[in-house]
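For reference, the chains in residue letters:
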Amino acid sequence: MTLIINYGVGNLFSLKSALSCLGVEAQVSGEPEAVRRAERLILPGVGAFGDAREKLRLNGLDRLLQQEAASGKPLMGICLGMQLLFDRSFEYGETEGLHLVPGEVRPIAPFIPKGYKIPHIGWNALRFGDGIGQSEVFKYISDGDCMYFVHSFAARGCAAHTIATTEYGVPLTAAVQRDRVFGMQFHPEKSGRAGLNILKAFCEIQ
Amino acid sequence: MITKRIIPCLDVRDGRVVKGVNFEGLSDVSSPVGLGRFYSENGADELVFYDITASSEGRRLFSDALRAVAEQIFIPLTVGGAINTLDDFDRVLKCGADKVSVNSGAIRDPGLILRAAKKYGDQCVVLSADVKRVGGRFTVFAKGGRENSGLDAIAWIKSGVAHGAGEVVLNSIDTDGVRGGFDLELLAAACEAVNVPVIASGGAGGIGDFVRLFKTLPRVDAGLAASIFHFGEVGIPALKAALRENGIPVRI
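I will try to describe carefully the structure that is included in this document. (Residues numbered from 1 in each chain as written. Chains lettered and ligands numbered in written order. Predicted model: local features only at pLDDT ≥ 70, side-chain atom pairs only at ≥ 80, totals over all residues.)

Some details on the overall build of chain A
And then number 1: A tally of regular secondary structure across chain A gives 6 helices and 13 strands.
And then number 2: By the compact-globule yardstick of 17 Å for 206 residues, chain A fits well, its C-alpha radius of gyration being 16 Å.
And then number 3: By its C-alpha atoms, chain A is 50 × 40 × 30 Å across when sized along the principal axes.
And then number 4: Buried residues in chain A amount to 53% of all 206 residues.
And then number 5: A separation threshold of at least 6 residues defines the contact pool for chain A, and within that pool the share at least 24 residues apart is 68%. (Helix = DSSP H or I, 4+ residues; strand = E, 2+ residues; numbered from the N terminus. Rg over C-alpha atoms; globule rule 2.2 N^0.38 Å. Buried ≥ 20, exposed ≤ 12 C-beta atoms within 10 Å, placed from the backbone. Contact = placed C-beta atoms within 7 Å.)

Set out below in structure tokens:
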């Protein structure tokens, strides 16, 4: 069973529908027992980093996620859920993340060329990059496939774990992987067939 | 490179698409799910569902239809029409909408944009404006273009973005239905004024109008249209192929 972690942040409807469309057995819950029982975990999230981080702490889900990830359970963070995987974020002050992937989350504004709009909203192409072997989570998609992005912050200092970037005047971190922890800055559940294929590959990881 | 978005807009009354389309192989031309799937499989980058229902029963049917679409179609969904309060935002977001577009509701209550952006994030709030030239000035109209609000369009969208609107849809009443192309003058002024995505609406008559739009105004992010897609005059795959031939980045 794949668990969509419900910690009071964001809209889980699309994600649940996407998994059900793929025929994946999925559940939505924030109960620690459900997290322990699940074969794999999806951490969604929309909104502000600090608020989401606090909700994870209040539920004790932060420790639990760290334990589950350490035990090798596949975990995928999506959008804000991906940003939470890093060491820290600088959205409205500095907030510590889950330390599951080395790196930090910074506003994109100072890094992109003048004239580029913020947020980065829309369909943009994934680039797997040179030297990085193609991640198993991308086995059903190709370099250049477009995904739907909506974000004003992006992960930096995580080159060693970056499995895809996207070009927005400069390369932005689009996806990361450390062992069986995956992070997707875009919304696979809103990225058409290609996005569903990423979720499908993730749900096949045993 | 970020791609230019092509967005079909569907008018929905009592949970059914009005002015249903006429495509081969589509048996139920007024089913929001059938049409949504058709567009999604044929290259649409996003769908806009516009609720033109007048009754509360119709509103309930709209919610059911939206939920059915969101369960089966995995591209961004924007909902507009009859959005006047935070409860309206809540209602459509719970049914699976990703973004909510406000128009007359924000003219009546300009604080709505700020409250919605604070609660749901800027990316969720789309400011849609119906604009017409009055005495040579771009002026915002309310109630589906029937009522002159007296607001200057450029000042209005600037203030909407300052309060948290994450995208702007500009519908030109002057070019709407004429099929002579988008209102490039209005769009240029809007792109100059705000630094969030600008979506062009009103006036598309054929593929050439989209090519001209993105070539003339590279800062425009998306083109929205209804009838030319619904009547099959312009197929989105052919449109995107033409855009790509002209060096305009699109998702194929």
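Side note on the overall build of chain B
And then number 1: On a plain count of helices and strands, chain B comes out with 10 helices and 11 strands.
And then number 2: Computed over the C-alpha atoms, the radius of gyration of chain B is 17 Å, within 12% of the 18 Å expected from 2.2 N^0.38 for a compact globule of 252 residues.
And then number 3: Each of the three principal axes of chain B carries a C-alpha extent, and together these read 45 × 45 × 35 Å.
And then number 4: By residue count, 53% of the 252 residues in chain B fall in the buried class.
And then number 5: Put simply, of all contacts in chain B between residues at least 6 apart along the chain, 64% involve residues at least 24 apart.

Structural notes on the packing of helix H8 (residues 207-216) of chain B against helix H10 (residues 236-245) of chain B
What describes two packed helices is the angle between their axes and the distance between those same axes.
All names here are of chain B.
And then number 1: The contact between H8 and H10 brings their axes to 10 Å, and the two run at 40°. It follows that H8 is oblique to H10 by the angle criterion. As H8 runs across H10, the sense of the crossing is right-handed. Each of Ile207, Phe210, Val211 and Phe214 in H8 lies in contact with H10, whose residues at this interface are Ala238, Leu239, Ala242 and Leu243. (Axes fitted to C-alpha atoms, helices over the stretch in contact; angles between N-to-C directions. Parallel < 35°, antiparallel > 145°, perpendicular 65-115°, else oblique. Left-handed = near helix turned anticlockwise from the far one by under 90°.)

Here we look at the sheet that holds strand E6 (residues 95-96) of chain A
All names here are of chain A.
And then number 1: Overall, mixed pairing links the 4 strands, which are arranged E6-E5-E7-E10 in an open sheet. Whereas interior strands pair on both sides, the edge strands pair on one side only; in this sheet they are E6 and strand E10 (153-156).
And then number 2: In terms of strand pairing, strand E5 (residues 88-89) meets E6 through 2 bridges, oriented antiparallel. Counted as the bridge partner of Arg88 is Glu96 from E6. (Pairing = 2+ DSSP bridges.)

Examining the environment of Val100 of chain B
Residue and element names in this part refer to chain B.
And then number 1: Within the secondary structure, Val100 sits in strand E5 (residues 99-102).
And then number 2: By C-beta crowding, Val100 is classed as buried, having 23 other C-beta atoms within 10 Å.
And then number 3: Linking Val100 and Val79, residues 21 residues apart in sequence, is a C-alpha distance of 5.0 Å.
And then number 4: Residues contacting Val100, with those up to four places away along its chain left out, are Val79, Ile83, Phe89, Val92, Leu93, Cys124, Val125 and Val126.

Observations concerning the interface of chain B and chain A
And then number 1: Every contact between the two is made by 25 residues of chain B and, on the other side, 26 residues of chain A.
And then number 2: The greatest single-element share of the side of chain B that touches chain A, amounting to 3 residues, is contributed by helix H2 (residues 56-72) of chain B.
And then number 3: Residues belonging to the side of chain B that touches chain A are distributed by class as follows: 9 nonpolar, 8 polar and 8 charged. (Nonpolar A, V, L, I, M, F, W, Y, C, P; charged D, E, K, R; others polar.)

What about the sheet that holds strand E3 (residues 40-43) of chain A?
Residue and element names in this part refer to chain A.
And then number 1: An order of E2-E1-E3-E4-E13-E12-E11 is seen for the 7 strands of this open sheet, with the pairing classed as mixed. Here the strands that pair on one side only, and so sit at the sheet edges, are strand E2 (26-29) and strand E11 (162-167). For this sheet the average axis-to-axis angle between neighbouring strands, irrespective of direction, equals 20°.
And then number 2: Here strand E12 (residues 171-178) pairs with strand E13 (residues 181-184) via 4 bridges, running antiparallel. The partner of Ala175 across the bridge, within E13, is Met184.
And then number 3: Of the strands in this sheet, strand E1 (2-5), E2 and E3 touch helix H1 (residues 13-21), which is tilted by about 165° from E2.
And then number 4: The sheet strands contacting helix H4 (residues 61-70) are E1, E3, strand E4 (75-78) and E13, and the helix crosses E4 at an angle near 130°.

Observations concerning the environment of Glu233 of chain B
And then number 1: Assignment of secondary structure puts Glu233 of chain B in the loop between helix H9 (227-230) and H10.
And then number 2: Sequence spacing of Glu233 of chain B and Leu243 of chain B is 10 residues, and the spatial spacing of their C-alpha atoms is 16 Å.

Structural notes on H1 of chain A
And then number 1: Of all the residues in H1 of chain A, the buried ones are Ser14, Leu15, Lys16, Ser17, Ala18 and Leu19 of chain A.
And then number 2: Residues of H1 of chain A that are buried sit in contact with E1, E2, E3 and helix H6 (192-203) of chain A together with H2 of chain B.
And then number 3: Just downstream of H1 of chain A lies Gly23 of chain A, where phi reads positive at about 75°.

Points about the nonpolar core
And then number 1: One finds Leu66, Val100, Val125, Leu127, Val168 and Leu170 of chain B to be the most contacted residues of the largest nonpolar core, which totals 149 residues.
And then number 2: Residues in contact with Val168 of chain B, not counting those within four places in the same chain, are Leu127, Ile157, Val161, Ala190, Val194, Val196, Val198 and Ile199 of chain B. (Core = buried A, V, L, I, M, F, W, Y, C linked by C-beta atoms within 7 Å.)

Points about the pairing of E4 of chain A
Every other side chain in a regular strand lies on the same face of the sheet, so the side chains alternate between the two faces.
Residues and elements named next belong to chain A.
And then number 1: Of the two faces of E4, the one lined by Leu75 and Gly77 and the one lined by Met76 and Ile78 are each fully buried.
And then number 2: Pairing analysis gives 3 bridges linking E3 to E4, with the strands arranged parallel. Within the sheet, the bridge partner assigned to Ile42 lies in E4 and is Met76.
And then number 3: As paired strands, E4 and E13 are joined by 4 bridges and run parallel to one another. Its bridge partner lying in E13, Ile78 is registered against Met184.

Some words on the pairing of E12 of chain A
All names here are of chain A.
And then number 1: Burial within E12 is extensive, with 6 of its 8 residues counted as buried.
And then number 2: As judged from the 5 bridges shared by E11 and E12, these two strands associate in the antiparallel manner. Residue Thr165 lies in a different strand from E12, and its bridge partner there is Thr173.
And then number 3: Taking the residues between adjacent antiparallel strands as the criterion, E11 and E12 are bridged by 3 residues, where Gly169 takes a positive phi near 80°.
And then number 4: Taken together, E12 and the strand that follows it, E13, pair antiparallel across an intervening segment of 2 residues, in which Asp179 is found at a positive phi of about 55°.

Brief notes about unusual backbone geometry
A negative phi angle is the norm for most residues apart from glycine, just as the trans form is the norm for most peptide bonds.
Residues and elements named next belong to chain A.
And then number 1: Look at the link from Ile118 to Pro119: it is a cis peptide, with omega at 0°.
And then number 2: Relative to the helices and strands, Pro119 resides in the loop between strand E7 (104-107) and strand E8 (120-125).
And then number 3: One non-glycine residue, His99, lies in the positive phi region at around 60°.
And then number 4: Take His99: it is sitting in the loop between E6 and E7.

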